[in-house]
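# Fold and contact review
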Amino acid sequence: MRILITGICGFAGSHLVRGLLQALEGLRISGVDNLSRSGSETNLAPLRALGCEITVADLRDPGVLERHSGADWVIDAAAEPSVLAGVSGNSSATELLHTNLFSTVPMLEFCRRHSAVFTLLSTSRVYGIKPLCEIPLQVVNGAFTPDSASGFDRGISEGFSTQPPVSLYGASKLCAETLALEYGEAFQFPVWINRCGVLAGAGQFGKADQGIFSFWIHRWAARQPLKYLGFGGHGFQVRDCLHPRDLVPLLLQQFEAGAMVPRTRVMNVSGGLPSATSLRQLSDWCTARLGAHTVECDGQERPYDLPWVVLDSALAKDAWQWHPKTSAESIFEEIAVHALANPRWLDLCSR
Ligand SMILES: NC(=O)c1ccc[n+]([C@@H]2O[C@H](COP(=O)([O-])OP(=O)(O)OC[C@H]3O[C@@H](n4cnc5c(N)ncnc54)[C@H](O)[C@@H]3O)[C@@H](O)[C@H]2O)c1
């Protein structure tokens with residue numbers, strides 16, 4: 001089997017490589033990455049040492065994918081993955097759309113020409129901000145928790161509204177989802193859309209707006225300033241988390257099923273309720289593991305902030321008997337070990 005991974009040097013891409021190589025013998029993996037994400041360059045030599053053929057190029061460069069013809073599976077893990085992309089920070093809205101949406105078109109054309117399977121790593125950010133903010137919440141053990149009668153006791157399922165606003169980032173991924181499904185339908189190749197919640201683990205290029213678990217634990221370990229932003233500045237906001245290597249068994253099953261299985265092609269893939277953690281709870285974990293540190297309370301709101309996002313992956317569990325294996329605690333521990341061994345990691349990620 002030959003796999004082409006776009007964004008191969010990114011956090012998810014590089015973990016997928018390692019997980020896939022461990023899971024299957026005789027696999028050939030190649031990839032494309034423009035190394036635009038600060039820190040991604042650190043994965044280039046180690047992935048090449050594992051045998052990956054990597055083209056350092058922008059996905060917008062014409063013909064770049066054809067250097068990898070022969071691949072029978074394309075995994076799209078290239079993106080501007082921050083919810084603030086396009087509205088603040090380093091990338092413009094046009095750049096965001098070029099990477100997250102327009103670059104999907106050559107990948108889909110590639111799959112069409114070579115009858116390859118297409119897998120998109122999508123996001124919980126496709127769900128509507130307004131209805132997400134309207135979920136009735138109470139505070140339990142330092143974390144926002146849906147009211148028991150709210151109907152969200154298992155998390156947010158795929159039927160949840162995707163009505164705008166969802167952020168430019170969310171919209172770019174939602175459009176890419178739609179385009180991929182239409183291409184798959186029109187040109188008869190298998191398409192799988194996996195909507196991930198927060199992905200987390202050691203080696204993630206943490207920033208305040210993306211890779212929050214990594215950012216928080218690294219900053220805590222280095223005793224650098226941290227703030228609870230928004231929602232009154234208490235740190236009650238909650239996310240679930242998943243280690244990207246836990247995606248591997250699911251992706252492999254989907255690949256093997258190909259076009260033959262008339263199952264739903266869009267699903268949530270996330271750590272769900274068992275992994276749901278508020279920033280305040282994460283701080284408690286950090287205190288116990290790394291010692292005391294002070295977090296500033298700052299109620300200042302950030303665009304697109306959400307109080308509670310926990311995905312229900314029941315569809316993936318029912319259809320594929322897929323279950324996350326790595327607990328949130330193990331993810332945090334892995335990040336802490338990495339943080340202690342690499343005290344300047346966040347400097348590398350913020351260049
Ligand atoms: N990290 C998360 O919490 C999370 C959650 C949900 C979904 N996702 C999705 O998973 C995928 C991977 O995210 P990640 O966390 O690994 O992000 P990442 O930033 O670590 O990796 C993305 C990689 O894509 C590369 N890239 C960006 N633009 C490119 C371009 N134009 N041409 C070539 N390469 C380019 C970057 O250099 C980087 O190595 C993304 O599609 C993201 O939307 C991530």
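Going by the structure above, here's the rest.
Here goes a summary of the coordinates provided. Numbering of residues starts from 1 in each chain and follows the order in which that chain's sequence is written. At least 70 in pLDDT is required for a residue's local features to be given in this predicted model, at least 80 for side-chain atom pairs to be given and counted, and no such filter applies to totals for whole chains, interfaces and linings, which use all residues. Values shown for side chains rest on all heavy atoms present in the structure; no hydrogens or waters enter the calculation.

## Here's the deal with the overall build of the protein
Numbering of helices and strands runs from the N terminus; a helix is a DSSP stretch of H or I covering at least four residues, while a strand is a stretch of E covering at least two. When its secondary structure is counted, the protein shows 12 helices and 16 strands. Its C-alpha atoms give the protein a radius of gyration of 19 Å, near enough to 20 Å, the size a compact globule of 351 residues would have. Throughout, exposure labels follow a simple rule: accessible area from a 1.4 Å probe, protein chains only, divided by the maximum for the residue type, with under 20% read as buried, over 50% as exposed, and the rest as partly exposed. By residue count, 57% of the 351 residues in the protein fall in the buried class. Once local pairs closer than 6 in sequence are excluded, the contacts in the protein between residues at least 24 apart make up 83%. Only the protein chains shown count as covering a residue, and every accessible area follows the Shrake-Rupley method with a 1.4 Å probe. Element-wise, carbon and sulfur atoms account for 53% of the exposed surface of the protein, whose accessible area totals about 14,500 Å². Charge counting follows a simple rule: Lys and Arg are positive, Asp and Glu are negative, and His as well as the terminal groups are ignored. Throughout, a charge is located at the NZ atom of Lys, the CZ atom of Arg, the CG atom of Asp or the CD atom of Glu. Seen as two clouds, the 29 positive and the 34 negative side-chain charges of the protein have centres 3 Å apart. A radius of gyration in this sense is built from C-alpha atoms; the matching globule rule multiplies 2.2 Å by the number of residues raised to 0.38. Contacts are assigned to residue pairs that have any heavy atoms within 4.5 Å of one another.

## Thoughts on the pattern of salt bridges
Any carboxyl oxygen of Asp or Glu within 4 Å of a side-chain nitrogen of Lys or Arg constitutes a salt bridge here. Considering all chains together, one arrives at 11 salt bridges under this definition. Note that Arg-112 is salt-bridged to Glu-109, the shortest N-O span being 3.6 Å. Taken together, the residues span about one helical turn, with Arg-112 and Glu-109 both in helix H4 (residues 104-114) at a distance of 3 residues. The class of Arg-112 is partly exposed, set by a relative accessible area of 37%. The shortest N-O distance in the salt bridge between Arg-302 and Asp-305 comes to 3.2 Å. Classification of Arg-302 as partly exposed rests on a relative accessible area of 26%. What makes Asp-305 buried here is its relative accessible area of 15%.

## Thoughts on the sheet that holds strand E16 (residues 308-309)
Spatially, 3 strands are ordered E14-E11-E16 in an open sheet, and the strand pairing comes out mixed. This sheet does not close on itself; its edge strands, each paired only once, are strand E14 (277-278) and E16. Here a strand pair is declared whenever DSSP counts at least two bridges between the two strands.

## Some details on the packing of H4 against helix H6 (residues 168-187)
Their axes nearest at 10 Å, the elements H4 and H6 cross at an angle of 20°. Here H6 runs roughly parallel to H4, going by the angle between their axes. Where H4 crosses over H6, the two elements pack in a sense that is right-handed. Here Thr-104, Val-105, Leu-108, Glu-109 and Arg-112 of H4 come into contact with H6, specifically with Ala-176, Leu-179, Ala-180, Tyr-183 and Phe-187. Taken together, the residues of the contact of H4 with H6 break down into 7 nonpolar, 1 polar and 2 charged. An axis is simply a line fitted to the C-alpha atoms; with a helix, the fit covers only the stretch in contact. Between two such axes, the angle follows the N-to-C directions and lies from 0 to 180 degrees. With respect to orientation, any angle under 35 degrees is reported as roughly parallel, any angle over 145 as roughly antiparallel, any angle of 65 to 115 as roughly perpendicular, and every other angle as oblique. A crossing counts as left-handed when the near helix is turned anticlockwise from the far one by less than a right angle, and as right-handed when that turn is clockwise. For this classification, Asp, Glu, Lys and Arg are treated as charged, while Ala, Val, Leu, Ile, Met, Phe, Trp, Tyr, Cys and Pro are nonpolar and the rest, including Gly, are polar.

## With respect to the site of the ligand
Residues in contact with the ligand amount to 31 residues; listed here are only the nearest, Ala-12, Asp-33, Tyr-169, Lys-173 and Leu-199. N or O atoms within 3.5 Å of each other form a polar contact, as long as, within protein, one can give a hydrogen and the other can take it, and as long as residues adjacent in sequence are counted only when both atoms are side-chain atoms. Here Asn-34 contributes a backbone N or O atom positioned 3.1 Å from a nitrogen atom of the ligand. Within the side chain of Thr-99, a nitrogen or oxygen atom sits 3.2 Å from a nitrogen atom of the ligand. Relative to its free-state accessible area of 820 Å², the ligand is covered by the protein chains to the extent of 97%. Looking at the shell around the ligand, the elements with two or more residues in it are helix H1 (11-23), strand E5 (117-123), H6 and strand E9 (198-199). Considering every element that reaches the shell around the ligand, the biggest residue donor is E5, with 3 residues. For the shell around the ligand, a count of residues per class yields 16 nonpolar, 11 polar and 4 charged. When we say a residue is near a molecule or strand, we mean one of its heavy atoms is within 4 Å of it.

## With respect to the sheet that holds strand E2 (residues 28-33)
Spatially, 7 strands are ordered E3-E2-E1-E4-E5-E8-E13 in an open sheet, and the strand pairing comes out parallel. Each having just a single partner strand, strand E3 (53-56) and strand E13 (266-269) make up the two edges of the open sheet. Strand-to-strand twist of the sheet, defined as the mean angle between neighbouring strand axes without regard to direction, takes the value 20°. The pairing of strand E4 (residues 73-76) with E5 spans 4 bridges and is parallel.

## As for H4
Those residues of H4 that fall on the buried side of the exposure criterion are Thr-104, Met-107, Leu-108, Phe-110 and Cys-111. Viewed end-on, H4 has its buried residues packed into an arc of 155°, placing them on one side of the element. Where H4 is buried, its residues meet strand E1 (2-6), E4, helix H3 (93-102), E5 and H6. With its phi angle positive at about 45°, Ser-115 sits one or two positions after the end of H4. Our arc is simply the arc of the directions from the helix axis toward the C-beta atoms.

## Considerations on the packing of H1 against helix H8 (residues 248-257)
The contact between H1 and H8 brings their axes to 10 Å, and the two run at 65°. One finds that H1 runs roughly perpendicular with respect to H8. Taken as a pair, H1 and H8 cross one another with a handedness that is right-handed. Along the contact surface, H1 presents Leu-16, Gly-19, Leu-20 and Ala-23, while H8 presents Val-248, Leu-251 and Leu-252. When grouped by side-chain class, the residues that make up the contact of H1 with H8 number 6 nonpolar, 1 polar and no charged.

## A closer look at the packing of aromatic side chains
Any two rings among Phe, Tyr and Trp, with Trp reduced to its six-membered ring, count as a pair given centres within 6.5 Å; such a pair is stacked if its planes are under 30 degrees apart, edge-to-face if over 60, and tilted if neither. A full pass over the atoms with the stated rule returns 11 aromatic pairs. On the numbers, 6.0 Å between centres and 90° between planes, the contact of Tyr-127 with Phe-160 is edge-to-face. Remark: Phe-160 occurs in the loop between strand E7 (143-146) and H6 and Tyr-127 occurs in the loop between E5 and helix H5 (129-133); sequence separation between them is 33 residues. The pair formed by Tyr-127 and Phe-160 is uniform in burial state, with each residue classed as buried. An aromatic cluster of at least three residues, connected via ring pairs, comprises Tyr-127, Phe-152 and Phe-160. Only Lys NZ and Arg CZ are tested; either one counts as a charge over a ring when it is within 6 Å of the ring centre and within 35 degrees of the ring normal. The side chain of Arg-112 reaches across the aromatic face of Phe-187, ending 3.8 Å from its centre. Between Arg-265 and the ring centre of Trp-192, over which it is positioned, the NZ or CZ distance is 4.1 Å.

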